Amino acid sequence: MDFNMKKLASDAGIFFTRAVQFTEEKFGQAEKTELDAHFENLLARADSTKNWTEKILRQTEVLLQPNPSARVEEFLYEKLDRKVPSRVTNGELLAQYMSEAANELGPETPYGKTLIKVGETEKRLGAAERDFIHSASINFLTPLRNFLEGDWRTISKERRILQNRRLDLDACKARLKKAKAAEAKAAAVPDFQETRPRNYILSASASALWSDEVDKAEQELRVAQTEFDRQAEVTRLLLEGISSTHVNHLRCLQEFVESQATYYAQCYRHMLDLQKQLGSTQGVIFPGTFVGNTEPASSPLSSASLATAAATIPVMPTVAGMPSAGEAAISLDDVALPASGTRKARVLYDYEAADSSELALLADELITVYSLPGMDPDWLIGERGNRKGKVPVTYLELLS
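Residues numbered from 1 in each chain as written. Predicted model: local features only at pLDDT ≥ 70, side-chain atom pairs only at ≥ 80, totals over all residues. Heavy atoms only, no water.

Under an unreviewed UniProt entry, the name given to the protein is Endophilin-B2, and the organism recorded is Sarcophilus harrisii. What UniProt states about the protein under its Subcellular location (unreviewed entry) heading is, verbatim, "Cytoplasm". (UniProt positions renumbered as here; feature names shortened; annotations may be inferred.)

Q: I keep staring at the pairing of strand 4 (residues 387-392) and nothing clicks. Help me out?
A: Regular strands show a simple pattern: their side chains alternate between the two faces of the sheet. Here strand 3 (residues 379-384) pairs with strand 4 via six bridges, running antiparallel. Paired with I381 across the strands is K390, a residue of strand 4. Between strand 3 and strand 4, which follow one another and run antiparallel, lie two residues, and G385 among them has a positive phi close to 65°. (Pairing = 2+ DSSP bridges. Helix = DSSP H or I, 4+ residues; strand = E, 2+ residues; numbered from the N terminus.)

Q: What is the right way to look at a nonpolar patch on the surface in this model?
A: Taken together, V72, F75 and L76 make up a surface patch of nonpolar side chains, about 290 Å² in accessible area. Mapped onto the fold, V72 is located in helix 3 (residues 68-79). (Patch = residues over 30% accessible without salt bridge, like charges linked within 9 Å, V, L, I, M, F, W, Y side chains within 5 Å. Areas by Shrake-Rupley, 256 points an atom, 1.4 Å probe, with all protein chains shown as cover. Salt bridge = Lys/Arg side-chain N within 4 Å of Asp/Glu carboxyl O.)

Q: Help me understand the environment of I242 in this model?
A: For I242, the location among the structural elements is in helix 7 (residues 242-282). We classify I242 as buried; its relative accessible area is 1%. Residues I242 and R45 lie 197 residues apart in sequence; the distance between their C-alpha atoms is 8.1 Å. Excluding residues that lie within four positions of it along the chain, I242 makes contacts with R45, A46, T49, F147 and I155. (Buried < 20%, exposed > 50% of the residue type's maximum accessible area, 1.4 Å probe, protein only. Contact = heavy atoms within 4.5 Å.)

Q: Could you clarify how one ought to interpret the side chain of T33 in this entry?
A: Among the structural elements, T33 can be located in the loop between helix 1 (2-26) and helix 2 (37-64). Separated by 2.3 Å, the side chains of T33 and D170 make a polar contact. Polar contacts involving the side chain of T33 include one to the side chain of K173, which spans 3.1 Å. (Polar contact = N/O pair within 3.5 Å; in protein donor to acceptor, adjacent residues only side chain to side chain.)

Q: Honestly, the packing of aromatic side chains in this entry has me stumped. Any pointers?
A: Geometry of an aromatic ring pair is reported as the spacing of the ring centres plus the angle between the planes. Across all of its chains, the model carries seven aromatic pairs by this definition. With a centroid separation of 5.0 Å and an interplanar angle of 10°, the aromatic rings of F132 and Y263 are classed as stacked. Taken together, the residues span a long stretch of sequence, with F132 in helix 5 (residues 110-186) and Y263 in helix 7 at a distance of 131 residues. No difference in accessibility class separates F132 from Y263, as the two residues are buried. An angle of 65° between the planes, with centres 5.0 Å apart, marks the rings of Y351 and Y395 as edge-to-face. (Phe/Tyr/Trp six-rings, centres within 6.5 Å; stacked < 30°, edge-to-face > 60°.)

What follows is the structure, given as structure tokens:
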């Protein structure tokens, strides 16, 4: 018990001495041991690395999981050392809704079939997103988090110890300085007008006491200096290890970029396959980035308006000897333009003809359109100059 009380008193005295030294330094009343420029640069680089690593880590977490509630939940699971439950991605949830909508609205209808195809693609996109999140978490977020929770905590701990060693060293320097000043004052030439011997005895005793105090302060200073130098070397080695941290983070960043590139490449392939499926089943190549059209002239017409517009276009009477519209060998060049029943249409988007039976379109051009008996209501016959061909109604704005 006595030992514990002595240790407690000793620790309290050391803490008080450090607090006094720190306060006097803040008010400019005490000298402070400055670190060399290289050491200061190492400290600044370490602080900068820690700050930017935290920002990159937090923003990457936002990128991978935009929902803040989900991020908090995952954080709590990690702190409790429990496995994070599997979470359905937004793409997979959208795929589920599309599949349920198709089953309820009719899986055999054109809309239902398209919902099923798009839902399957969204499910693949959701799975690709899940793989990307898993890969990024392991190869990128985990190393950054390990640095902040491991290496940086060790560096911070050693820096605090170094700060305490510096305060002890400066306190010993201040104590030695005061002891030397008192010794010099005690060793000053006494006043020879004083004739009593007692004054000479007291003066010599005080000088001896301050001499012992100076020796003690010098010994404490040597010990404090040794401990400070040793701790400064330990801290320096840890700070120089930041270069290795940068190399490790560079490798992790490259792996993150590769994972992200793989994810977007998978998304591109899935969407391109979906586009081809819809184009082969409906004869439509959707406008957008893949076709090269980036500025649509206006929003496409609704299904109801398209059906109404197609219904208002008069149907040409069947020409004797002409093959039906459903036959593959139909020759549009042999079809004569009717004298009446045609309409003008403005092209909304660029359209690339899939084969020779279709007419390529350019946005904002005007063409003449009409319908043939038995044609798919989603298609019309378009004519521009001497060129004829099938054109999709969704790419047209029918004019009066």
